[in-house]
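# Structural characterization, general
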Amino acid sequence: MIPIFLDCEASSLNHDSYPIEIAWNDEQGNIESYLINPYGYPKSYTDWEPDSQAVHGLSRKYLSQTGKHPGVVANHLNNKLEKKTVYTDAPDFDAMWCDHLFTAVGIDRAFEVKNIYELLEDILPMEY
C-alpha cells in the first residue's frame, strides 16, 4: 500500500474560495480526479479570481458543462477515503477547500488531511 495524496484546484486563494477540482490516489496508485460545477454550490459561493483561472485553466463555463455537483463529489470522497489519512503539500488550503465543499452540501468530512512533510519526516529526515 502507498500513502494517499490529495490536491485541489480552487476558485482563488482567498478565504472565501472553494474547490473546483479535487484529485487523489488510492493505496494502489490509481488516480481519481473530479471537476466540480461551481453553480452547484450555494449562491453565497461567489468568489472567483481571474488570476487563479489563468493558472489552472478552468473557466466557470467549462466547469458548468463538465463538472459534477459538489454533493456527488463530497459523497464520493467520503466513500473512498472514509477513516483514512490523506497527505498534501498545502494542508491549510486543501483542508479548507475540502471543508468548504462539505459545508456547502451539509455533510461532515470523513477523512483526515495532513501535511506531506509529516509522512516524509520519517522517511527523509531533514536538517534545519
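Here is what the cut-offs are and how they apply
- Residues numbered from 1 in each chain as written.
- Predicted model: local features only at pLDDT ≥ 70, side-chain atom pairs only at ≥ 80, totals over all residues.
- Heavy atoms only, no water.
- Buried < 20%, exposed > 50% of the residue type's maximum accessible area, 1.4 Å probe, protein only.
- Helix = DSSP H or I, 4+ residues; strand = E, 2+ residues; numbered from the N terminus.
- Pairing = 2+ DSSP bridges.
- Core = buried A, V, L, I, M, F, W, Y, C linked by side-chain atoms within 4.5 Å.
- Contact = heavy atoms within 4.5 Å.
- Axes fitted to C-alpha atoms, helices over the stretch in contact; angles between N-to-C directions.
- Left-handed = near helix turned anticlockwise from the far one by under 90°.
- Nonpolar A, V, L, I, M, F, W, Y, C, P; charged D, E, K, R; others polar.
- Phe/Tyr/Trp six-rings, centres within 6.5 Å; stacked < 30°, edge-to-face > 60°.
- Polar contact = N/O pair within 3.5 Å; in protein donor to acceptor, adjacent residues only side chain to side chain.

The next point concerns unusual backbone geometry. In the Ramachandran plot, Lys-83 falls in the positive-phi region, its phi being about 65 degrees despite a non-glycine side chain. Residue Lys-83 is classed as exposed on the basis of its relative accessible area of 76%.

Here the focus is the pairing of strand β2 (residues 19-25). The buried count for β2 comes to five of seven residues, which makes it a mostly enclosed element. When strand β1 (residues 4-10) meets β2, the two strands line up antiparallel, connected through five bridges. Opposite Leu-6, over in β2, you have Trp-24 as the bridge partner. The turn joining β2 and strand β3 (residues 31-35), which pair antiparallel and follow one another in sequence, is formed by five residues; a positive phi near 95 degrees is taken by Gly-29.

Moving on, we get to the nonpolar core. Membership of the largest hydrophobic core comes to 29 residues, with the highest contact counts inside it found for Leu-6, Ile-22, Leu-77, Leu-81, Leu-101 and Phe-111. Among the elements that make up this core, the one with the highest residue count is helix α4 (residues 91-105) (seven residues). Setting aside residues no more than four positions away along its own chain, Leu-77 makes contact with Leu-6, Ile-22, Trp-24, Glu-82, Leu-101, Phe-102 and Phe-111.

Here we take up the packing of helix α3 (residues 70-81) against α4. Running from amino to carboxyl end, α3 crosses α4 at an angle of 115 degrees, the nearest separation of the two axes being 9 Å. In the crossing of α3 with α4, the sense of the turn from one axis to the other is left-handed. In this structure, α3 uses Pro-70, Gly-71, Val-73, Ala-74, Leu-77 and Asn-78 to contact α4, whose residues at the interface are Leu-101, Phe-102 and Val-105. Taken together, the residues of the contact of α3 with α4 break down into seven nonpolar, two polar and no charged.

By the definition in use, this model includes six aromatic pairs. Ring geometry for Tyr-18 and Tyr-45: centres 5.7 Å apart, planes at 50 degrees, overall tilted. In this pair, Tyr-18 sits in the loop between β1 and β2 while Tyr-45 sits in the loop between β3 and α1 (50-56), placing the two residues 27 residues apart along the sequence. The buried category is assigned to Tyr-18, whose relative accessible area is 2%. The interplanar angle of 25 degrees and the centroid separation of 5.8 Å between the aromatic rings of Trp-24 and Tyr-34 together place this pair among those described as stacked.

This part is about the sheet that holds β2. In spatial order, the strands read β3-β2-β1-β4-β5; together these five strands make up an open sheet with mixed pairing. A single partner strand is all that each edge strand has here, and the edge strands are β3 and β5 (112-115). Averaged over all neighbouring strand pairs, the angle between strand axes comes to 30 degrees, with direction disregarded. Bridge count between β2 and β3: five bridges; the pairing is antiparallel. Looking across to β3, one finds that Trp-24 is bridged to Glu-32. Across the sheet, α4 lies against β1, β2, β4 (85-88) and β5, angled at about 75 degrees from β1, the strand it touches most.

Relative to the helices and strands, Thr-88 resides in strand β4. A polar side-chain atom of Thr-88 sits 3.2 Å from the main-chain amide nitrogen of Ala-90. With residues near it in sequence (within four places) discarded, Thr-88 still touches Leu-6, Asp-94, Val-113, Lys-114, Asn-115 and Ile-116.

Read these as geometric descriptors, not functional statements.
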